[in-house]
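# Summary of structural features
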Amino acid sequence: MQQGNVPESPAQALRWVGDRLSRAGVTSSLREARLILAHVMGCEPAEVTARDGRLDFEQRRLLAELAGMRCKRYPLPYLLGYVGFLDFLLCVRPGVFIPRPETEGLAELAVELAPTLPQGARVLDIGTGTGALAIALARARDDLRVVATDTSAWALRCAWENAWRLGVAERIQFRVSDLFEAVPERFHLVVANPPYVPHQKIPELPPEVAVWEPRAALDGGEKGTEVLRSIIAEAPKHLETRGWLLCEIGHGQGEELLRFAKGVVNWLELRVEEDLAGRERYLIGCLGPMT
Ligand code: GLN
């Protein structure tokens, strides 16, 4: 897209971007147009049209470039460089999975459990991505010792930067690890948002996800439950007695995973909870004493 076509007036530029995004199939086109324009103008979204003035050449060039990328369904958080999570912001880069509202729900469940954990409890976040869950827990209680893993060193670097900016980097240890591979110790709480999309379903996801987000963070094998099963199978070796396992799961996977988990070990508590949209989303287990 050419900067020459971009109107100089912010109000018209907003409409110009909104129209293009809408034609490209972006659902919240006007809201996103406002966020992109605010980013380019360096102001709050609400101020975009409240201000007088004109967009200069460089601003129009950047706006045309960002709008063009978004029309190719490049995810908005990658364009802006950040995404909101609970009450904080996380930097996010291409190649790193973008945290979703569903994972905020998982973080809330974990943060609710945090006060019940012993002093200095050990917490593990498997497949941390941007560090969202690990950081939420480190912020919830400053005595927790958090380990965050990912198979991607690139993601861990992003997670470390987020932790550093939010003041919790010293309380989180980052490790490259495939699930529990580099994690010999036991934990009081293990959280994970693993890949759980059935392999065949990936092309049906919106292009933002299917084309631009890292496959390894999505692909849960044939039925979508492969990685979840490995985590559930290994978890008892990495949990303290009465330790908690909290996993994000896909809708329709609850029954299979509950059955599988029951066959692995004796749980004091084991249940599936729904997300805010009323879809099965969280598997919650509390490990019983070994007999
Ligand atoms: N809910 C995610 C999506 O469809 C998938 C997340 C995952 O596999 N962990 O975008």
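A brief report on the enclosed structure follows. All values reported here derive from a predicted model rather than from experimental measurement. (Residues numbered from 1 in each chain as written. Predicted model: local features only at pLDDT ≥ 70, side-chain atom pairs only at ≥ 80, totals over all residues. Heavy atoms only, no water.)

## Topic: the site of the ligand
In the region of the ligand, the neighbouring residues are Phe97, Arg100, Glu102, Asn193, Pro194, Pro195, Tyr196, Val197, Ala217 and Leu218. At 3.4 Å, a side-chain N or O of glutamate 102 approaches a nitrogen atom of the ligand. Taking asparagine 193, its side chain carries an N or O atom lying 2.9 Å from a nitrogen atom of the ligand. By residue class, the composition of the shell around the ligand is seven nonpolar, one polar and two charged. (Near = heavy atom within 4 Å. Polar contact = N/O pair within 3.5 Å; in protein donor to acceptor, adjacent residues only side chain to side chain. Nonpolar A, V, L, I, M, F, W, Y, C, P; charged D, E, K, R; others polar.)

## Regarding the pairing of strand β2 (residues 88-91)
Each regular strand shows side chains that alternate between the opposite faces of the sheet. What you see with β2 is a clean split: Phe88 and Leu90 sit on the buried side and Leu89 and Cys91 on the side with no burial. Linking two consecutive strands that pair antiparallel, namely strand β1 (residues 82-85) and β2, is a turn of two residues; a positive phi of about 50° is found at leucine 86 within it. (Buried < 20%, exposed > 50% of the residue type's maximum accessible area, 1.4 Å probe, protein only. Helix = DSSP H or I, 4+ residues; strand = E, 2+ residues; numbered from the N terminus. Pairing = 2+ DSSP bridges.)

## As for the nonpolar core
Counting 62 residues, the largest nonpolar core has Leu37, Leu63, Leu137, Ile172, Leu189, Trp244 and Leu246 as the members making the most contacts within it. No other element matches helix α6 (residues 132-140), which puts seven residues into this core. The residues contacting leucine 246, other than those within four sequence positions of it, are Leu106, Leu109, Ala110, Leu113, Leu189, Val190, Val191, Ala192, Leu283 and Ile284. (Core = buried A, V, L, I, M, F, W, Y, C linked by side-chain atoms within 4.5 Å. Contact = heavy atoms within 4.5 Å.)

## As for the sheet that holds strand β6 (residues 187-192)
Read from one edge to the other, the open sheet built from seven strands follows the order β5-β4-β3-β6-β7-β9-β8, with strand pairing classed as mixed. For this open sheet the edge positions go to β5 (172-176) and β8 (267-274), each flanked by a neighbour on one side alone. Sheet twist, expressed as the average angle between the axes of neighbouring strands with direction ignored, equals 15°. Two strands pair when backbone bridges link them, and strand β4 (residues 145-150) and β5 are joined in this way by five bridges, in the parallel orientation. What sits directly across from valine 147, in β5, is glutamine 173. On top of the sheet, helix α5 (residues 101-113) reaches β6, β7 (239-248), β8 and β9 (280-287); it is set at about 160° to β7, its chief contact. Of the strands in this sheet, β3 (122-126), β6, β7, β8 and β9 are in contact with helix α9 (residues 226-234), which crosses β7 at around 170°. (Axes fitted to C-alpha atoms, helices over the stretch in contact; angles between N-to-C directions.)

## Details of unusual backbone geometry
Its identity is not glycine, yet arginine 73 carries a phi of approximately 65°, on the positive side. Counting through the fold element by element, arginine 73 comes out in the loop between α3 (57-71) and α4 (76-80). Phi is positive for leucine 86, which is not a glycine, with a value near 50°. Within the fold, leucine 86 resides in the loop between β1 and β2.

Geometry only, nothing functional implied.
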